[in-house]
Amino acid sequence: MEINLNESRQVVQQARAKAIQLNVNVNIAILDTGGHLKTFERMDDAFLGSMDIAIKKAKTASLFRTSSENVGEYLKPEAGTYGMVNTNNGLVGFAGGLPILKDKRIIGYIGVSGGAVSEDLQIATAGAEIFNQN
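Residues numbered from 1 in each chain as written. Predicted model: local features only at pLDDT ≥ 70, side-chain atom pairs only at ≥ 80, totals over all residues. Heavy atoms only, no water.

S.K.: Honestly, the packing of aromatic side chains in this entry has me stumped. Any pointers?
M.R.: A ring pair, where both rings are aromatic, is described by two values, the distance of the centres and the angle of the planes. In this structure the tally under the stated criterion is zero aromatic pairs. Between lysine 102 and the ring centre of phenylalanine 131, over which it is positioned, the NZ or CZ distance is 5.4 Å. (Phe/Tyr/Trp six-rings, centres within 6.5 Å; stacked < 30°, edge-to-face > 60°. Lys NZ or Arg CZ within 6 Å of the ring centre and 35° of its normal.)

Structure below.
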């Protein structure tokens, strides 16, 4: 199962709503399960430099099928995985990249950048959890 265009737009809409609630302008990237860009939104006044970061957070999550923050644990110098951050055309190991689940299966990935790391995570979480709200 892979995220379709309509679903990816729903994820972006939910994430954008959270960003508006937090009063932060962000870039939101949605990737399919193959790690390819499906949908991208740059909110007005979002930092241009955060565009690549949003995509790479989602890409990092897709490469390891977990949050970008979890991958970050292996990127720390004390983890002993020197140089891993430079693999795969660059990894981003801080919060804001998450798998998107539907019926307990990964259908895509979201990456958010432009706010504080904690804000990016809240926004990404709001988008990623749209299909698992009961």
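Still more to cover.
S.K.: Where do I start with the side chain of serine 62 in this structure?
M.R.: With respect to the helices and strands, the residue serine 62 is situated in helix H2 (residues 50-64). Reaching out from serine 62, the side chain makes a polar contact with the backbone oxygen of lysine 59 at a distance of 2.8 Å. In this view, serine 62 contacts Leu31, Gly35 and Tyr109; residues no more than four positions away in its chain are not counted. (Helix = DSSP H or I, 4+ residues; strand = E, 2+ residues; numbered from the N terminus. Polar contact = N/O pair within 3.5 Å; in protein donor to acceptor, adjacent residues only side chain to side chain. Contact = heavy atoms within 4.5 Å.)

S.K.: Explanation requested: the pairing of strand E1 (residues 27-31) in the structure shown.
M.R.: Residues in a regular strand point their side chains to alternate faces of the sheet. Burial of E1 is extensive: five of the five residues sit out of reach of the surface. By the alternation rule, side chains of E1 split into Asn27, Ala29 and Leu31 and Ile28 and Ile30, which are all buried. Sheet topology note: the E1/strand E2 (residues 37-42) ladder contains five bridges and is antiparallel. Directly across from leucine 31, in E2, lies its bridge partner leucine 37. Between E1 and E2, which follow one another and run antiparallel, lie five residues, and glycine 35 among them has a positive phi close to 85°. (Buried < 20%, exposed > 50% of the residue type's maximum accessible area, 1.4 Å probe, protein only. Pairing = 2+ DSSP bridges.)

S.K.: Is there a simple way to think about the nonpolar core in this case?
M.R.: Soluble globular proteins tend to pack their nonpolar side chains together in the buried interior. Val26, Ile28, Ile30, Ile100 and Ile110 are the most contacted members of the largest nonpolar core, which has 19 residues in total. Looking at this core, the elements that each hand over two or more residues are helix H1 (5-22), E1, strand E3 (97-102), strand E4 (105-113) and helix H4 (117-128). In terms of residue count, the dominant contributor to this core is H1 (four residues). For isoleucine 30, the contacting residues outside a window of four places in its chain are Ile3, Ser8, Val11, Val12, His36, Leu37, Lys38, Thr39, Ile100, Tyr109 and Ile110. (Core = buried A, V, L, I, M, F, W, Y, C linked by side-chain atoms within 4.5 Å.)

S.K.: Help me understand helix H3 (residues 68-75), please; the structure alone is not making it clear to me.
M.R.: One turn of the α-helix equals 3.6 residues, which is why residues spaced by three or four share an orientation. Among all positions of H3, only Ser68, Val71, Gly72 and Leu75 are buried. Down the axis of H3, the smallest arc covering the buried residues is 110°, so these residues share one side. The secondary structure elements touched by the buried residues of H3 are H2 and E3. (Arc of directions from axis to C-beta.)

S.K.: Please explain the environment of glycine 34 as it appears in this structure.
M.R.: With respect to the helices and strands, the residue glycine 34 is situated in the loop between E1 and E2. Owing to a relative accessible area of 46%, glycine 34 belongs among the partly exposed residues under this scheme. Considering only alpha carbons, one finds glycine 34 and lysine 59, 25 residues apart in sequence, at a separation of 9.4 Å.

S.K.: Explanation requested: the sheet that holds E2 in the structure shown.
M.R.: Strands in a sheet are paired, the pairing made by backbone hydrogen bonds, and the direction either parallel or antiparallel. Overall, antiparallel pairing links the four strands, which are arranged E2-E1-E4-E3 in an open sheet. Looking along the sheet, the strands with just one partner apiece sit at the ends: E2 and E3. Averaged over neighbouring strand pairs, the angle between their axes works out to 20° when direction is ignored. Here E3 runs beside E4; their pairing, made up of six bridges, is antiparallel. Bridge pairing in E4 links proline 99 to tyrosine 109. (Axes fitted to C-alpha atoms, helices over the stretch in contact; angles between N-to-C directions.)

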